[in-house]
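# Descriptive analysis of the structure
The residues making up each chain are set out below.
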Amino acid sequence: MTTPLSERYIAATVKDLPHELHTEVRPELEASIADAIEARVEQGEDRESAERAVLTELGDPAVLAAGYTDRPLQLIGPRYYLMWWSLLKRLLAIVPAAVFAVSVLAHTLASGDIGTVLGESIVTTISAALHVCFWVTLVFAIMERSDTDTGLTWDIDQLPEPREDHPARANLIASLVFLGLVLVALVWDQVPGFIRLDDQPVAILNAELWPWTMLGLLALIALEIGFAIVLYIRRRWTVTLAIVNTALAVLFFAWIITLLTDGTLFSAEFVELWSENNINADSLYTLAVIFGFGVAVICVWDIIDGWVKTYRQIASRVEQQPAASQ
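The shown structure was predicted, so the numbers you read here are calculated from the model rather than taken from an experiment.

## A closer look at helix 3 (residues 47-58)
- Compared with an ideal rise of 1.5 Å per residue, which puts 12 residues at 16 Å, helix 3 spans 17 Å between its outermost C-alpha atoms and is within 8% of the ideal.
- Looking at helix 3, one finds that the buried residues are Ala50, Glu51, Val54 and Leu55. Across the axial projection of helix 3, the buried residues extend over an arc of 125°, all falling on one side. Those residues of helix 3 that are exposed and angled more than 90 degrees off the buried face are Glu48, Arg52, Thr56 and Glu57.
- On the buried face of helix 3, the contacting elements are helix 1 (5-14) and helix 2 (19-42).
- Just beyond helix 3, the residue with positive phi is glycine 59, at close to 85°.

## Re the packing of helix 1 against helix 2
- Between helix 1 and helix 2, the shortest axis-to-axis distance is 10 Å and the interhelical angle comes to 145°. The handedness of the crossing between helix 1 and helix 2 is right-handed. On the side of helix 1, the interface is formed by Ser6, Glu7, Tyr9, Ile10, Ala11, Thr13 and Val14, while helix 2 contributes His22, Val25, Arg26, Leu29, Glu30, Ile33 and Ile37.
- Of the residues assigned to the contact of helix 1 with helix 2, the class counts are 8 nonpolar, 3 polar and 3 charged.

## What to know about the pattern of salt bridges
- Going through the model one piece at a time under the given rule, you end up with 6 salt bridges.
- The partner of glutamate 38 in a salt bridge is arginine 47, and the shortest N-O contact between them spans 2.9 Å.
- Among the salt bridges present, the one from arginine 40 reaches glutamate 45, with a minimum N-O distance of 2.8 Å.
- Put simply, Glu7, Arg26 and Glu30 are held in one network by salt bridges that share partners.

## Here we look at the packing of aromatic side chains
- One pass over the structure, following the stated rule, counts 3 aromatic pairs.
- Here tryptophan 84 and tryptophan 85 contribute two aromatic rings whose centre-to-centre distance is 5.8 Å and whose plane-to-plane angle is 40°, an arrangement assigned as tilted.
- The exposure class of tryptophan 84 is buried, given its relative accessible area of 13%.

## Topic: the environment of alanine 129
- With respect to the element layout, alanine 129 can be found in helix 6 (residues 114-146).
- As a C-alpha pair, alanine 129 and leucine 91 span 38 residues in sequence and 8.7 Å in three-dimensional space.
- Apart from residues lying up to four places away in sequence, alanine 129 is in contact with Leu92 and Pro96.

## Things to note about helix 9 (residues 239-262)
- With 24 residues, helix 9 extends 34 Å from end C-alpha to end C-alpha; this agrees with the ideal 34 Å at 1.5 Å per step.
- Every buried residue of helix 9 is accounted for by Leu241, Ala242, Asn245, Thr246, Leu248, Ala249, Trp255, Ile256, Leu259 and Leu260.
- Once helix 9 finishes, glycine 263 follows within two positions and takes phi at roughly 75°, a positive value.

## Considering the packing of helix 2 against helix 3
- Interhelical geometry of helix 2 versus helix 3 gives an angle of 130° and a closest axis separation of 9 Å. As the angle between them shows, helix 2 and helix 3 are arranged oblique. For the crossing formed where helix 2 meets helix 3, the hand is right-handed. The segment helix 2 lies against helix 3, with Ile33, Ala36, Ile37, Glu38, Arg40 and Val41 engaging Arg47, Ala50, Glu51, Ala53, Val54, Leu55, Glu57 and Leu58.
- Residue classes in the contact of helix 2 with helix 3 are distributed as 9 nonpolar, no polar and 5 charged.

## Points about the nonpolar core
- In terms of nonpolar packing, the biggest core is built from 16 residues, with Leu186, Met214, Leu217, Trp255 and Leu265 touching the most fellow members.
- If you list the elements that add at least two residues to this core, you get helix 7 (169-190), helix 8 (212-234), helix 9 and helix 11 (281-325).
- By residue number, the principal contributor to this core is helix 9, which donates 5 residues.
- Core analysis: the next-biggest nonpolar cluster, separate from the first, contains 13 residues, Val14, Leu21, Val25 and Leu29 among them.

## Thoughts on a nonpolar patch on the surface
- Together, Phe100, Ile122, Ile126 and Leu130 line one region of the surface with nonpolar side chains, adding up to about 370 Å² of accessible area.
- The element best represented in the nonpolar patch is helix 6, accounting for 3 residues.
- Structurally, isoleucine 122 can be placed in helix 6.

## Comments concerning the side chain of asparagine 245
- Along the chain, asparagine 245 turns up in helix 9.
- Among residues more than four places away in sequence, those in contact with asparagine 245 are Phe227, Trp237, Asp302, Ile303 and Gly306.

## Let's talk about unusual backbone geometry
- A cis amide bond, omega -5°, links tryptophan 210 with the succeeding residue proline 211.
- By the secondary structure assignment, proline 211 is in the loop between strand 2 (200-202) and helix 8.

Basis of the calculations
- Residues numbered from 1 in each chain as written.
- Predicted model: local features only at pLDDT ≥ 70, side-chain atom pairs only at ≥ 80, totals over all residues.
- Heavy atoms only, no water.
- Helix = DSSP H or I, 4+ residues; strand = E, 2+ residues; numbered from the N terminus.
- Expected span 1.5 Å × (residues − 1).
- Buried < 20%, exposed > 50% of the residue type's maximum accessible area, 1.4 Å probe, protein only.
- Arc of directions from axis to C-beta.
- Contact = heavy atoms within 4.5 Å.
- Axes fitted to C-alpha atoms, helices over the stretch in contact; angles between N-to-C directions.
- Left-handed = near helix turned anticlockwise from the far one by under 90°.
- Nonpolar A, V, L, I, M, F, W, Y, C, P; charged D, E, K, R; others polar.
- Salt bridge = Lys/Arg side-chain N within 4 Å of Asp/Glu carboxyl O.
- Phe/Tyr/Trp six-rings, centres within 6.5 Å; stacked < 30°, edge-to-face > 60°.
- Parallel < 35°, antiparallel > 145°, perpendicular 65-115°, else oblique.
- Core = buried A, V, L, I, M, F, W, Y, C linked by side-chain atoms within 4.5 Å.
- Patch = residues over 30% accessible without salt bridge, like charges linked within 9 Å, V, L, I, M, F, W, Y side chains within 5 Å.
- Areas by Shrake-Rupley, 256 points an atom, 1.4 Å probe, with all protein chains shown as cover.

Keep in mind these values describe shape, not function.
Here it is in structure tokens:
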């Protein structure tokens, strides 16, 4: 004998409910289903079609059962979603990049083979990103189901200040001061010197780079100064300025790395001074890698910062256009 559809539906609904809810839910569900079926029959439907229609409208019995027990059916609910998404974005913006940087540095010091370095670093970075996604989501899923109170509440004082819509004068002054200090440092290194040995200056940079090779660096510094002035005059980042900023960063990195790999960046006296202090060839290689890696991090950060500011200002103008048209 075939079990009626209504009985099968009610059994599927109550089977995962706590036992104490069975005596409450079953009679209530039987009565509501029977009343709905009778209402349809009175309107002219046959009983079998009416029963199927009523049960179809009630939906999946598992979803109905979750409603009786207030059991969440989503992994992260609205209570924690924004907190989860904000934390996840921040961690994914920091952790994989940091892991990639450390991995590149470690594998470069270990082997130096570019294929091995990139391959191992990419795999490690992907693994780190997956771990971040998994563990952050797991913690918030547990919080969702255990009804954990984070103690975090929103108040009016948390409203952020509006972002500046154009580069401030302070940014221009800071850029010009920094670039000016770089110029002073280059000259100071060659004349009085930052390092003195037996009252004699020991230049850090190779004196043979002057004048022609150094003209390339001085030209880049001049272009950076011009870029800072143009950026302030334009009062906003654009795609063109972001491209120029990227090109300047790449050229500076190429200038440094070319001379570093050729062994012509630092003066022979400076390298000899390191050697006299029991610094062997392997240690010098390690220091060179760390120096080059630091320059790469600075250049990459400068490029990313320029493109992020460009994206934000383009997005801000797009948001303001519909408001202006209204």
